[in-house]
Amino acid sequence: MEISGLKIVSANIRKDIIKMLELAGSGHPGGSLSAVELLVGLYFNHMRFNPKNTKDLNRDYFVLSKGHVCPVLYAVLAQLECFSSDELCTLRKAGSRLQGHPAKDKELPGIEVSTGSLGYGLSIGAGIAAGMKQAKKDNKVYVLMGDGEQQEGSIWEAAMAVPQFKLDNLCAIVDNNGLQIDGATKDVMNVEPLADKYRSFGWNVLEIDGHNLFEVDKAYSQFKETKGKPTAIIAKTVKGKGVSYMENLAEWHGKIPSKELVQEALEEIDASIK
Amino acid sequence: MVEVFGKKATKFGFGEGLVELGKENSKIFVLGADTSSSVAINTFRDMFPDRFLNVGIAETNLLGMAAGLAVAGFIPFVATYGVFAAGRPWEQIRTTICYSNLNVKIGGSHSGLMVGPDGATHQALEEIAIMRCLPRMKVIAPCDVVETKKAVIASAYANGPVYIRYGRENTPIFTNDSSPFEIGKANILREGNDVAIMACGTMVYEALMAAELLEKKGIKARVVNVHTIKPIDEKAIISAAKECGAIVTAEEHQIYGGFGSAVAEVLVKNYPVPVEMVAVNDTFGESGDPMDLMTKYGLRDVNIVKAVQNVLKRK
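Residues numbered from 1 in each chain as written. Chains lettered and ligands numbered in written order. Predicted model: local features only at pLDDT ≥ 70, side-chain atom pairs only at ≥ 80, totals over all residues. Heavy atoms only, no water.

Peer 1: What exactly am I supposed to notice about the interface of chain B and chain A here?
Peer 2: Where interface size is quoted, it is often the accessible area lost as the parts come together. On the chain A side, the residues contacting the 26 residues of chain B number 27 residues. For the pairing of chain B and chain A, the buried interface totals around 2100 Å² over both sides, and the portion due to carbon and sulfur atoms is 60%. On inspection of chain B and its partner chain A, the count reaches one salt bridge. Summed over the shared surface of chain B and chain A, the number is eight residue pairs in polar contact (both at pLDDT 80 or more). Put simply, the parts of the chain that give the side of chain B that touches chain A at least two residues each are β3 (52-54), α3 (59-71) and α5 (90-98) of chain B. Considering each element in turn, the side of chain B that touches chain A owes the most residues, nine residues, to α3(B). (Contact = heavy atoms within 4.5 Å. Buried area = accessible area lost by both parts, 1.4 Å probe. Salt bridge = Lys/Arg side-chain N within 4 Å of Asp/Glu carboxyl O. Polar contact = N/O pair within 3.5 Å; in protein donor to acceptor, adjacent residues only side chain to side chain. Helix = DSSP H or I, 4+ residues; strand = E, 2+ residues; numbered from the N terminus.)

Peer 1: Would you mind going over helix α7 (residues 145-156) of chain B with me for this structure?
Peer 2: In an α-helix, one full turn covers 3.6 residues, which means residues spaced three or four apart are oriented alike. Residue and element names in this part refer to chain B. The end-to-end C-alpha distance of α7 is 17 Å, a good match for the 16 Å that twelve residues give at a rise of 1.5 Å each. Along α7, ten of the twelve residues are buried, which leaves the element largely enclosed by surrounding structure. All of the buried residues along α7 are Val145, Val146, Glu147, Thr148, Lys150, Ala151, Val152, Ile153, Ser155 and Ala156. Capping of α7 at its N-terminal end is provided by aspartate 144; its side-chain oxygen lies 3.2 Å from the backbone amide nitrogen of valine 146. (Expected span 1.5 Å × (residues − 1). Buried < 20%, exposed > 50% of the residue type's maximum accessible area, 1.4 Å probe, protein only.)

Peer 1: I tried to follow the packing of aromatic side chains on my own but got confused; where do I start?
Peer 2: Any two aromatic rings considered together are summarised by their centre-to-centre distance and by the angle between their planes. Counted by the stated rule, this structure contains 14 aromatic pairs over all chains. Seen in terms of ring centroids, B:Phe14 and B:Phe77 are 6.4 Å apart; in terms of plane orientation they differ by 75 degrees. Their pairing is edge-to-face. One end of the pair, B:Phe14, is in helix α1 (residues 10-24); the other, B:Phe77, is in strand β4 (residues 75-81), with 63 residues separating them in the sequence. Judged on exposure class, the residue B:Phe14 and its partner B:Phe77 are both buried. Geometrically, the ring pair formed by B:Phe14 and B:Tyr166 is stacked, given 4.3 Å between the ring centres and 15 degrees between the ring planes. Taken together, the residues B:Phe14 in helix α1 and B:Tyr166 in the loop between β7 (162-165) and β8 (170-172) connect sequence positions 152 residues apart. Per residue, the accessibility class of B:Phe14 equals that of B:Tyr166, and both read buried. The structure contains a cluster of three or more aromatic residues connected by ring pairs, namely A:Trp156, A:Tyr198, A:Phe201 and A:Trp203. A cation sits over an aromatic face here: A:Lys255 above A:Trp252, 4.3 Å from the ring centre. (Phe/Tyr/Trp six-rings, centres within 6.5 Å; stacked < 30°, edge-to-face > 60°. Lys NZ or Arg CZ within 6 Å of the ring centre and 35° of its normal.)

Peer 1: Would you mind going over the pairing of strand β5 (residues 105-109) of chain B with me for this structure?
Peer 2: Walk down a regular strand and you will see the side chains alternate between the two sheet faces. Residue and element names in this part refer to chain B. Most of β5 is tucked away: five of the five residues are buried. Of the two faces of β5, the one carrying Lys105, Gly107 and Ser109 and the one carrying Ile106 and Gly108 are both buried. By the bridge criterion, four bridges tie β5 to β7 in an arrangement that is parallel. Bridge assignment links isoleucine 106 to a residue of β7, and that residue is tyrosine 163. (Pairing = 2+ DSSP bridges.)

Peer 1: Is there a simple way to think about the side chain of B:Gln123 in this case?
Peer 2: Residues and elements named next belong to chain B. Within the secondary structure, glutamine 123 sits in the loop between β5 and α6 (127-132). For glutamine 123, the side chain forms a polar contact with the main-chain oxygen of glycine 116, separated by 3.1 Å. Excluding its chain neighbours within four sequence positions, the residues that come into contact with glutamine 123 are Val83, His110, Gly112, Leu113, Val115, Gly116, Gly285, Glu286 and Leu293.

Peer 1: Would you take a moment to explain the sheet that holds strand β3 (residues 170-176) of chain A for this structure?
Peer 2: Backbone hydrogen bonds hold the strands of a sheet together, and the pairing may be parallel or antiparallel. Residue and element names in this part refer to chain A. In spatial order, the strands read β1-β2-β3-β7-β6; together these five strands make up an open sheet with parallel pairing. Looking at which strands have only one partner, the edges of the open sheet turn out to be β1 (61-64) and β6 (204-209). Strand-to-strand, the axes of this sheet are offset by a mean angle of 20 degrees, without reference to chain direction. The sheet contact formed by β3 and strand β7 (residues 231-236) spans six bridges and is parallel. Note on β7: the bridge partner recorded for aspartate 175 is alanine 235. (Axes fitted to C-alpha atoms, helices over the stretch in contact; angles between N-to-C directions.)

Peer 1: Help me out: how do you make sense of the pattern of salt bridges in this one?
Peer 2: A side chain with one charge may pair with a side chain of the opposite charge, provided their charged atoms come close. Applying the stated criterion across every chain, the model contains 26 salt bridges over all chains. A:Arg199 is the partner of A:Glu207 in a salt bridge, and the nearest nitrogen-oxygen pair spans 3.4 Å. Residue classification places A:Glu207 among the exposed positions, given a relative accessible area of 56%. The salt bridge partner of B:Arg168 is B:Asp118, with a shortest N-O separation of 3.4 Å. Linking B:Arg168 in the loop between β7 and β8 with B:Asp118 in the loop between β5 and α6, this pair joins segments that are 50 residues apart in sequence. Judged by relative accessible area, B:Asp118 falls into the partly exposed class, the value being 39%. One continuous salt-bridge network, built from bridges that share partners, spans B:Arg190, B:Glu212, B:Glu215 and B:Lys220.

Peer 1: Teacher, can you tell me more about the sheet that holds β4(B) here?
Peer 2: Residue and element names in this part refer to chain B. Strand order in the open sheet made by the seven strands is β3-β2-β4-β5-β7-β6-β12, with mixed pairing throughout. Pairing within the sheet leaves two strands with one partner each, and these edge strands are β3 and β12 (228-230). The average undirected angle you get between the axes of adjacent strands in this sheet is 20 degrees.

Peer 1: It is not clear to me how the environment of A:Gly67 should be interpreted in this structure. Could you clarify?
Peer 2: Residues and elements named next belong to chain A. Mapped onto the elements of the fold, glycine 67 is located in the loop between β1 and α4 (70-79). By relative accessible area, glycine 67 is classed as buried at 0%. As a C-alpha pair, glycine 67 and lysine 19 span 48 residues in sequence and 19 Å in three-dimensional space. Those residues in contact with glycine 67 that sit more than four places away from it in its chain are Gly100, His101, Pro102, Thr115 and Gly116.

Peer 1: Just to check I follow, could you spell out the confidence of the model for chain B for this structure?
Peer 2: Fine structural detail should not be taken from predicted coordinates in areas where pLDDT scores are low. Averaged over every residue, the pLDDT of chain B is 97; residues scoring 70 or more account for 100%. Our summary of model confidence lists the complex with pTM equal to 0.97 and ipTM equal to 0.97. (pLDDT = per-residue confidence, 0-100.)

Peer 1: Hey, could you run me through the packing of helix α3 (residues 36-45) of chain A against α4(A) in this one?
Peer 2: Two packed helices can be described by the angle between their axes and the distance between those axes. Residue and element names in this part refer to chain A. Close contact between α3 and α4 brings their axes to 10 Å; oriented N to C, the two are set at 30 degrees. Where α3 crosses over α4, the two elements pack in a sense that is right-handed. Along the contact surface, α3 presents Val36, Leu39, Val40, Tyr43 and Phe44, while α4 presents Val72, Leu73, Val76, Leu77 and Gln79. Tallied by class, residues from the contact of α3 with α4 come to nine nonpolar, one polar and no charged. (Left-handed = near helix turned anticlockwise from the far one by under 90°. Nonpolar A, V, L, I, M, F, W, Y, C, P; charged D, E, K, R; others polar.)

Peer 1: Where do I start with the pairing of β3(A) in this structure?
Peer 2: Residue and element names in this part refer to chain A. In terms of burial, β3 is a largely internal element, seven of the seven residues being buried. Here β3 shows two buried faces, one formed by Leu170, Ala172, Val174 and Asn176 and the other by Cys171, Ile173 and Asp175. As paired strands, strand β2 (residues 141-146) and β3 are joined by six bridges and run parallel to one another. Residue pairing for β3: methionine 145 is matched across the bridge by valine 174. Note on the crossover from β2 through helix α6 (residues 153-164) to β3: the handedness is right-handed. (Right-handed = clockwise from strand over helix to strand, strands pointing away.)

Peer 1: Mind showing me how you'd approach the nonpolar core here?
Peer 2: Buried together is how nonpolar side chains tend to be arranged in soluble globular proteins. Core analysis: the largest hydrophobic core is formed by 86 residues, its most contacted members being A:Leu122, A:Tyr198, A:Trp203, B:Leu31 and B:Ile247. In terms of residues, this core owes the most to one element, α3(B), which gives eight residues. Leave out the neighbours within four places in its chain, and A:Tyr198 touches A:Leu122, A:Met145, A:Gln150, A:Ile155, A:Trp156, A:Ala159, A:Val174, A:Trp203, A:Val205, A:Ala232 and A:Ile234. If you look at the next biggest cluster of nonpolar residues, it comprises 61 residues, including A:Met20, A:Leu38, A:Tyr43 and A:Ala219. (Core = buried A, V, L, I, M, F, W, Y, C linked by side-chain atoms within 4.5 Å.)

Put into structure tokens, the structure is as follows:
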């Protein structure tokens, strides 16, 4: 898809996120909005993924390590018609396949594994990637993490293992929005310099603007061309991106806007693509 | 007399089971964490190097990568010391593996006081409790090396997560290839109706020895090998309660939340009878000779005999 098309898709995803969260009455808007372009660029232009057969053995795998931002993933999967977009209205409701954090056992098409407890996704991705290598298959594995999540020690166990096992079929993406629940990541527990850390662990590191769809597209292409070492895309992003009253404010990590503010957000997103 | 066919550590049954599985099923994958030889997965590693990964001293990644391999369609087994296999990565086991119902098999070696000189840090005495509370998890504590091999093979074909508890020390072999083994089905090893001794793991042999001692005192004890602690064989427990009227449980594990608790849960719901539990009494172990520790912490046949005498007074 052309970048201009991806921009429109991104705006629609943002509107879906806001509407879903309003109906749910709880959830995580800030980190969902910061990851929109990273997911849209991936699912619409790079992943080998058949929305009509999400268990296709030739598929690329996506693991949402920062599971709390599942509204963005659910919106993308609905946009791809993995399931009806009507189902987005059921987010966080009893009996829904759209749990507050991704749940594999609810069998929502496109959810590979349950996530939500931070720090687990990179290991899971490493296991899938090792399996593909052993089976001599060329499926790729993508893992989206947060920057606050980099504080988990388990991330670094996996960060060591992935280059050790030469899993060049794995692409780690850090949605580096600089904020976590208690404030700025650098103040709570600094994780920078992230690029240097991953580089020193043996990764091919790409630093990009995570909202620039040209840069996002190029980074995924570079990952696919890189042999012998895994790729880490450190994407600078804005928490709450696209809704100006949310942008760069930690308080919008897990807060739902009022009815009036929802309207304001939807109008602002619409205006951004006019 | 209890017929014994020599002594061998259950870890070798775990290793042999994996090798057999590796030959018959190309989906079997094994992951270790720097303890390959001591938990007996080194033969598999040498025979099937492309289906083996050593993640180093990193147990959260051990379970996380196993989860990923299961997502990719493999049947991964991980193995390391029980405290590190069940304790450190407990939340990965809960949230990633059990919640996703992934086909990951966890081998917890070095179970119990029998780890001996390494002391309390390495003596896994809590895994039954912390594994059996997890939805979808199956928990097996085989009684000897032969049964451990059967448990490994059966677990590969039991859908979903399984925890297998095994040990490092040589222990008596008293089952053979033709002894029955089915996950979830307890085996009566000795008939008797005065009392039932229900045991798992290393304590099954002690239970058989205790039954011999009791026989001399005119007490006929039924001995039940409850190798599967979850799903537990409710039928076998309820019939033991109905037919014997009193039960003694025996496990090389903490007294709270383990096997004895699992048996008691079935009894209080269905057919309450007096129960005595032989287990480690809410304390940590220490360094020492394995059998000396078993004696010091009250996990021998004589302790089971005493528990039987106590429970019979309450019958």
